[in-house]
Amino acid sequence: MSRNSQLSVVILAAGKGTRMKSATAKVLHHVFFQPMLHHVLQSVQPLEPGRCVVVVGHQEDAVRNSLVDFDVEIVRQEKQLGTGHAVQVAGPAMNEDAGVVMILCGDTPLISTSSLRKMYEHHTAAQSVLTVMTTIVDNPTGYGRIISAGNSVLAIVEEKETDELQREIKEINAGIYMVEREFLFEALDTLTPDNTQGELYLTDIVEYAVSRGKNAAKFLNRSSVEVLGVNSRVELEAAHKQLQLQRNIELMRQGITIFNSEMVTVAPTVEIGCDCQLLQNVHITGNSLIGKSCIIENGVILHHCKVGDNVRIGAYSVLQGCNIDKNAIIPPLTSKKE
């Protein structure tokens, strides 16, 4: 694989995620069959960065173990002293040739490769030292607000630091940045913990850029759902539903009929032939392979199954590890494990 040596990626995955109310590190919570951190990495991979650095901290060993199949550099943030500090820790592991550093969080499983690529192109064309991804939401509670003039960002005000007027701003910080490497570390050296959290905020590099007469550009992502940060079980479920819906839309475009797509789950590891019909409450997981023109009735659960063409599986059947010949008819309520 050819690499873009001019690009380094830093993924922040050190936080505990207290609002999840869980003993499991936030980035390891599963969203649509895999840890949310994996979704972020899979969105980054097609950009082919010269180096991808993951900053770990809380439950370091568990997060490290989850990354064994990814080509990443792992660095430890011993004390969680803020996002600015996390990027400082990542500095020595970055590609020395990189002119640009992309920074994003490990709890944004919906971010797409397309948006990241467009942002990279936008940053390069704008010739800014810094580009911030923004989006507009109806309810900005919990997010940093964007103070801007035209296409330039003047400041990012964290939720806890906002005044009454700033809290009404609906353009928010998506938490994804493109920064020229040399400027990034110059700016990080100026950060101070002079805020309500006593942390080094990465967002403060925007004000530093403005104070030095540098342009901080913004890249407006009009798909606000992509930047959903998962900080609670409620947001976890919302992210799962969105990824499930995207998967089902993709399948329908490939010639598969799905009745009530919100109630059908098809894992990304599953293959389904054209002209199949999936009725309500169907769940197909594992490495299942479904042939052409099959009818999967209501409530069927299939896991690691191989199904031939023109098969009909009766309602509320539960099959695991089964091989089903073509043209077979499986009666309703069949339960079988092979």
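Residues numbered from 1 in each chain as written. Predicted model: local features only at pLDDT ≥ 70, side-chain atom pairs only at ≥ 80, totals over all residues. Heavy atoms only, no water.

Enquirer: Mind showing me how you'd approach the overall build of the protein here?
Expert: Counting secondary structure elements, the protein contains 7 helices and 25 strands. Its C-alpha atoms put the protein at 70 × 40 × 40 Å along the principal axes. Counting over 338 residues, the protein shows a buried share of 51%. Long-range contacts, defined here as pairs at least 24 residues apart, represent 52% of the contacts in the protein between residues at least 6 apart. (Helix = DSSP H or I, 4+ residues; strand = E, 2+ residues; numbered from the N terminus. Buried < 20%, exposed > 50% of the residue type's maximum accessible area, 1.4 Å probe, protein only. Contact = heavy atoms within 4.5 Å.)

Enquirer: Honestly, helix α6 (residues 204-211) in this entry has me stumped. Any pointers?
Expert: Think of an α-helix as turning once every 3.6 residues; residues three or four places apart then point the same way. The complete set of buried residues in α6 reads Ile205, Val206, Tyr208 and Ala209. For α6, the angular spread of buried residues about the axis comes to 160 degrees, placing them on one side. Buried-residue contacts for α6 involve β7 (130-136), β9 (152-157), β10 (171-180), α5 (181-188) and β11 (216-220). Just downstream of α6 lies glycine 213, where phi reads positive at about 75 degrees. (Arc of directions from axis to C-beta.)

Enquirer: Before we go on, may I ask you to explain the sheet that holds strand β22 (residues 318-320) in this structure?
Expert: In sheet architecture, strand pairing relies on hydrogen bonds along the backbone and comes in two forms, parallel and antiparallel. Spatially, β13-β16-β19-β22-β25 is the arrangement adopted by the 5 strands of the open sheet, whose pairing is parallel. Each edge of the open sheet is held by one strand with a lone partner, namely β13 (265-266) and β25 (335-337). As judged from the 3 bridges shared by β22 and β25, these two strands associate in the parallel manner. By the bridge assignment for β25, glutamine 320 is matched with lysine 337. (Pairing = 2+ DSSP bridges.)

Enquirer: I would appreciate a short explanation of the environment of valine 55 in the present structure.
Expert: By the secondary structure assignment, valine 55 is in strand β4 (residues 49-56). Looking at valine 55, the relative accessible area reads 0%, which means it is buried. C-alpha separation for the pair valine 55 and methionine 263, spaced 208 residues apart in sequence, amounts to 36 Å. Excluding anything up to four places from it in sequence, valine 55 contacts Val10, Ile11, Leu12, Ala13, Ala14, Val75, Gln77, Ala86 and Ala90.

Enquirer: Where do I start with the sheet that holds strand β21 (residues 312-313) in this structure?
Expert: Across the sheet, which stays open at both edges, the 5 strands sit in the order β12-β15-β18-β21-β24 with parallel pairing between neighbours. Looking at the sheet topology across the chains shown, the edges are occupied by β12 (257-258) and β24 (329-330). The sheet contact formed by strand β15 (residues 277-278) and strand β18 (residues 295-296) spans 2 bridges and is parallel. Within β18, the position partnered with leucine 278 by the bridge is isoleucine 296.

Enquirer: Mind showing me how you'd approach the side chain of asparagine 221 here?
Expert: Considering the arrangement of structural elements, one finds asparagine 221 in the loop between β11 and α7 (233-253). If sequence neighbours within four positions are ignored, asparagine 221 has contacts with Ile111, Ser115, Met133, Thr134, Thr135, Glu226 and Val227.

Just geometry here; none of it tells us what the structure is for.
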